[in-house]
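Given next are the chains, with one letter for each unit.
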Amino acid sequence: MENGLGKYIEDGNGKVTRVIRVGTRKSQLARIQTDSVAEKLKDLYPEVHTEIVAMATTGDKILDTALSKIGEKSLFTKELENSLERNEVDLVVHSLKDLPTTLPLGFTIGAVLKRENPHDAVVLHPKNAGRTLHTLPEKSVIGTSSLRRAAQLKKRFPHLEFKDIRGNLNTRLKKLDEKDDYSAIILAAAGLRRMGWESRVSQLLGPEDCMYAVGQGALAVEVRARDRDILDMVSVLHDPETVLRCVAERAFLRHLEGGCSVPVAVHTEIKDSQLYMTGAVFSLDGSDSIKETMQTSLVMDTQEEEGSSDDPQHVGITARNVCSRDQASAEKLGVDLACLLLSKGAREILTVARQLNDAR
């Protein structure tokens, strides 16, 4: 049965149980990620029943065009958010890097889970086993649809060529293994690990080779901001360090007005109560770039702060159980770093990159 507050089921003994409907994309990786979140909720709230609602998004349907060319900011999220708005699901699980830095009104990210390895990985064609990007032959073709990856790797490995490759993880690996079009492809290490395919990782790319995308490796739970009970329920899934790093990264991207149509990359770490952030922008061929690093001090106080009934959002994230001063410091760090890059010419680089990408 359903009412305005959600869905409930009744067992044979008349016991009524709340059903939490969890929205997700249909891909195998999305289902694995969503199931992991549902399992965590079941462990925390044994009395609650979860129901997975899978759907295809625009990004899943358009497979013959590079993501950066489609020009839609919410390629992998819009249909899920529509379902959330219509009260057909109670929460949605996303890869955080798919979520725009400005969410539609009435939505918030209620949980950011502990981040997996955020770096990119090289997956070689079986015939190239034992090689690295350095040792692949001249003019070897590397598959990636990410402008960020291509820009950095073109500069770092000028002997290689780069070509778009689309599809989910399974599809891309199949294209690599069953044809001779690509010598290697670049994928997020986190996705390969979640799929149980770590054995396919030939090389992990450190920040000196390829800095990662904003939010890469982290899962996000999006909810209706007004649903206090759901927000309270999922907020325990927040990982404070991941929240602070991702608040800084999202603030940086939002202030740059970046997205998947321009090459923007980051690297963050927390060490000795300091949040360090490196951010960079690149021309499409990687020949022009601006990269800077800044840091800020953190309190790292885990006590939930009393006194305010408001739930301030920081770049779309609501995290009451993470020190609000630290969240504000992380957001300011991202904005300050973006301002520094803009003062050194980042806007010009990104404008040209956007124009060239549109003309491709």
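This one's a predicted model, so the numbers in the text were calculated from it and none came from an experiment.

Side note on the environment of E241
Here is step 1 of the chain: Structurally, E241 can be placed in helix 9 (residues 240-256).
Here is step 2 of the chain: A relative accessible area of 37% means that E241 is categorised as partly exposed.
Here is step 3 of the chain: Remark: the alpha-carbon pair of E241 and K114, spanning 127 residues in sequence, is separated by 7.9 Å.
Here is step 4 of the chain: Not counting residues up to four positions away in its chain, the partners in contact with E241 are I270 and M300.

Looking at helix 10 (residues 324-343)
Every α-helical turn comprises 3.6 residues, leaving residues that sit three or four positions apart pointing alike.
Here is step 1 of the chain: Between the first and last C-alpha of helix 10 there are 28 Å, a value that for 20 residues agrees with the 28 Å anticipated at 1.5 Å per step.
Here is step 2 of the chain: For helix 10, the set of buried residues is D326, Q327, A330, E331, L333, G334, L337, A338, L341 and L342. The buried residues of helix 10 occupy an angular sector of 170 degrees when projected down its axis, which confines them to one face. Along helix 10, the residues that are exposed and aim more than 90 degrees away from the buried face are R325, K332 and S343.
Here is step 3 of the chain: Lining the buried residues of helix 10 we find helix 9, strand 14 (274-282), strand 15 (289-297), strand 16 (313-314), strand 17 (317-318) and helix 11 (346-359).
Here is step 4 of the chain: Where helix 10 terminates, the next one or two residues include G345, which has phi positive at roughly 105 degrees.

Some remarks on helix 6 (residues 169-178)
Here is step 1 of the chain: Looking only at helix 6, the buried set comprises L169, R172, L173 and L176. Projection of helix 6 onto a plane perpendicular to its axis shows the buried side chains occupying an angular sector of 95 degrees, all on one side. Exposed residues lying more than 90 degrees from the buried face of helix 6 are K174 and E178.
Here is step 2 of the chain: Buried-residue contacts for helix 6 involve helix 1 (28-44), strand 7 (120-124), strand 10 (184-188) and helix 7 (189-194).
Here is step 3 of the chain: One side-chain oxygen of the residue at the start of helix 6 lies 3.1 Å from the amide nitrogen of N170, identifying that residue as N168.

Let's talk about the environment of Q33
Here is step 1 of the chain: You can see Q33 is positioned in helix 1.
Here is step 2 of the chain: Its relative accessible area of 5% is what places Q33 among the buried residues.
Here is step 3 of the chain: Each C-alpha atom of the pair Q33 and G191 lies 9.0 Å from the other, and the pair is 158 residues apart in sequence.
Here is step 4 of the chain: Setting aside residues no more than four positions away along its own chain, Q33 makes contact with V93, S95, R194 and L219.
Here is step 5 of the chain: One polar contact links Q33 to S95, side chain to side chain, over a distance of 3.3 Å.
Here is step 6 of the chain: One polar contact links Q33 to R194, side chain to side chain, over a distance of 3.0 Å.

As for the confidence of the model for the protein
Here is step 1 of the chain: Across the protein, the average pLDDT comes to 89, with 87% of residues at or above 70.
Here is step 2 of the chain: Low pLDDT, under 50, characterises residues 60-64; the predicted model gives this stretch nine contacts beyond four residues in sequence or across chains.

Topic: the packing of aromatic side chains
The description of an aromatic ring pair uses the distance of the two centres, along with the angle that the planes make with each other.
Here is step 1 of the chain: Tallying each qualifying case throughout the model produces zero aromatic pairs.
Here is step 2 of the chain: Positioned above the aromatic ring of Y182, the side-chain terminus of K163 is 5.3 Å from the ring centre.

A closer look at the environment of T102
Here is step 1 of the chain: Here T102 is to be found in the loop between strand 5 (91-95) and strand 6 (107-112).
Here is step 2 of the chain: In this structure T102 comes out as exposed when scored by relative accessible area, which is 51%.
Here is step 3 of the chain: Sequence separation of T102 and A251 is 149 residues, and the distance between their C-alpha atoms is 9.8 Å.

Rules and cut-offs
- Residues numbered from 1 in each chain as written.
- Predicted model: local features only at pLDDT ≥ 70, side-chain atom pairs only at ≥ 80, totals over all residues.
- Heavy atoms only, no water.
- Helix = DSSP H or I, 4+ residues; strand = E, 2+ residues; numbered from the N terminus.
- Buried < 20%, exposed > 50% of the residue type's maximum accessible area, 1.4 Å probe, protein only.
- Contact = heavy atoms within 4.5 Å.
- Expected span 1.5 Å × (residues − 1).
- Arc of directions from axis to C-beta.
- Polar contact = N/O pair within 3.5 Å; in protein donor to acceptor, adjacent residues only side chain to side chain.
- pLDDT = per-residue confidence, 0-100.
- Phe/Tyr/Trp six-rings, centres within 6.5 Å; stacked < 30°, edge-to-face > 60°.
- Lys NZ or Arg CZ within 6 Å of the ring centre and 35° of its normal.

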